[in-house]
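Chain and residue survey
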Amino acid sequence: MFFRNLTLFRFPKSSSKSLSELDGLLDGHRLRPCGPIELATRGFVSPYGRESDELTHRAGKFTLLAIGSEDKLLPSSVINEALAAKVAEITDKEARRIGARERKRLKEEVMTDLLPRAFVRPSRVFAYLDEAEGWMVIDTASRKLAEEAVTQVREALGRFPATPMAPSDSPRSLMTDWLVSGKLPPGLSWGDECELRDPAEAGAIVRCRRQDLESDEVREHLKSGKQVFQLGLELDERMAFVLGEDLTIRKFRFLDVVLDEIGDDASESARAELDARFALMTLETKRLLEKLDEWFGLPRPDERE
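To keep things clear, this report deals only with the structure shown in the data block. (Residues numbered from 1 in each chain as written. Predicted model: local features only at pLDDT ≥ 70, side-chain atom pairs only at ≥ 80, totals over all residues. Heavy atoms only, no water.)

With respect to the overall build of the protein chain
Looking only at helices and strands, one finds 9 helices and 12 strands in the protein chain. Taken across its 305 residues, the protein chain has 44% of its residues classed as buried. Sequence separation of at least 24 residues holds for 67% of the intrachain contacts in the protein chain that already meet a minimum separation of 6. One way to put it: in the protein chain the 47 positive side-chain charges average out to a point 6 Å from where the 56 negative ones average out. (Helix = DSSP H or I, 4+ residues; strand = E, 2+ residues; numbered from the N terminus. Buried < 20%, exposed > 50% of the residue type's maximum accessible area, 1.4 Å probe, protein only. Contact = heavy atoms within 4.5 Å. Lys, Arg positive; Asp, Glu negative; His and termini not counted. Charge placed at Lys NZ, Arg CZ, Asp CG, Glu CD.)

Spelled out as structure tokens, the structure:
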């Protein structure tokens, strides 16, 4: 179990006390099945899978969580077809026109009728909390899903003032400077992809894959005024990722030198493998987060009442 994307939030030291009571607090916010007329439910599930009731996995100051979801699949085409049939039936029987307000009411009736028969799509999002440094790291590149995960933790704790990244220095400007100058901070090396955009509204977008980022082709785009919105990088020859201008990390993966450190002993059981992988992932990711803080300035929020 390794995260593939990293969306980052920070929380203040004042949250640490409630995190020590996390196991008990999460128990009252477990995922429950979707009711007959509910569109979706959210709640915590076990990171170990369906066979376990435990809602957290801990390794030192790191705590792994899993936020589960159940969403009813009710396509708009199905709703519209059922609504059209209902409207046609009333029109034929009563020989009158259906107004906008009545159509809205009929649509609600159609959805209430269809929801109990809709398929349910389960999903889950993993996240971990770094109590020592105040990071919440969520395995998604979707801001919406990340915000939902933070909301679930906030509802369980009662108060959880986690905030998105607010860098002191513009990531877009710094990454553009790196690519223009051809110079990276110590430990970094180039990946093979980037996304360049004209910062003007509706400006041109160039996406490069399997591309030498120091090539003349890329430099010509930079000379024309395009800026870096995503940049492929490697850190210390241990991990590769694509860094976005909002500091969302995509395509995150460990290189062979890191994977070799797991060995074969952890595969004796699923729990042992999760423990080994989570410990390795959090320690390696901590290295990256420290560098992000160094490059862009990502202070931990001050404690506020």
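Now that the structure is up, let's keep going.
Points about unusual backbone geometry
The backbone of Ala95 shows a phi angle near 50°, a positive value even though the residue is not glycine. Inspection of the secondary structure assignment puts Ala95 in the loop between α3 (76–94) and α4 (100–114). One non-glycine residue with positive phi stands out, namely Arg210, at about 50°. Mapping Arg210 onto the fold places it in the loop between β9 (205–208) and α7 (216–223). Among the residues examined, Arg210 registers a relative accessible area of 76% and is labelled exposed.

Quick word on the sheet that holds strand β8 (residues 188–197)
The 5 strands are arranged β9-β8-β10-β11-β12 in an open sheet whose pairing can be described as antiparallel. Two strands close off the open sheet at either side, each with one partner strand: β9 and β12 (249–254). Sheet twist, expressed as the mean angle between neighbouring strand axes with direction ignored, is 15°. Sheet topology note: the strand β11 (residues 239–244)/β12 ladder contains 4 bridges and is antiparallel. Along β12, the bridge assignment pairs Val242 with Arg250. Its contacts with the sheet place helix α6 (residues 171–181) against β8, β10 (227–235) and β11, and it is angled at close to 70° to β10. Where helix α9 (residues 270–296) meets the sheet, its contacts fall on β8, β10, β11 and β12, and the angle it forms with β12 comes to roughly 135°. (Pairing = 2+ DSSP bridges. Axes fitted to C-alpha atoms, helices over the stretch in contact; angles between N-to-C directions.)

Some thoughts on the pattern of salt bridges
With the rule as written, the count across this model stands at 25 salt bridges. Residues joined by salt bridges that share partners form a network here, namely Glu94, Arg96, Glu102, Arg105 and Glu109. (Salt bridge = Lys/Arg side-chain N within 4 Å of Asp/Glu carboxyl O.)

Structural notes on the environment of Asp236
In this fold, Asp236 is placed in the loop between β10 and β11. Accessibility expressed as a relative area gives 32% for Asp236, which makes it partly exposed. Measuring from C-alpha to C-alpha, the distance between Asp236 and Leu188 comes to 6.2 Å, with 48 residues separating the pair along the chain.

Thoughts on the packing of aromatic side chains
Applying the stated criterion to the full structure yields 9 aromatic pairs. Both rings, one in Phe2 and one in Phe254, keep their centres 5.1 Å apart while their planes meet at 80°; by these two values the pair is edge-to-face. Taken together, the residues span a long stretch of sequence, with Phe2 in the segment before β1 (7–10) and Phe254 in strand β12 at a distance of 252 residues. Looking at Phe254, the relative accessible area reads 7%, which means it is buried. A ring pair is formed by Trp178 and Phe296, whose centres lie 5.9 Å apart and whose planes are at 40°; its orientation type is tilted. Of this pair, Trp178 sits in helix α6 while Phe296 sits in helix α9, and the two are 118 residues apart along the sequence. (Phe/Tyr/Trp six-rings, centres within 6.5 Å; stacked < 30°, edge-to-face > 60°.)

Some words on the side chain of Arg238
Mapped onto the elements of the fold, Arg238 is located in the loop between β10 and β11. There is a polar contact of 2.6 Å between the side chain of Arg238 and the side chain of Glu284. Arg238 has contacts with Phe254, Leu255, Val257, Val258, Glu261, Glu284 and Arg287, leaving out every residue within four places of it along the chain. (Polar contact = N/O pair within 3.5 Å; in protein donor to acceptor, adjacent residues only side chain to side chain.)

Observations concerning helix α5 (residues 143–157)
Residues three or four positions apart in an α-helix share a direction because the helix packs 3.6 residues into each turn. For α5, with 15 residues, the first-to-last C-alpha span of 21 Å sits near the 21 Å given by 1.5 Å per residue. As for α5, its buried residues are in contact with β1, α1 (16–19), α2 (22–27), β2 (40–45), β4 (62–73) and β6 (135–138). Downstream of α5 by a residue or two, Gly158 has a phi angle that is positive, lying close to 90°. (Expected span 1.5 Å × (residues − 1).)

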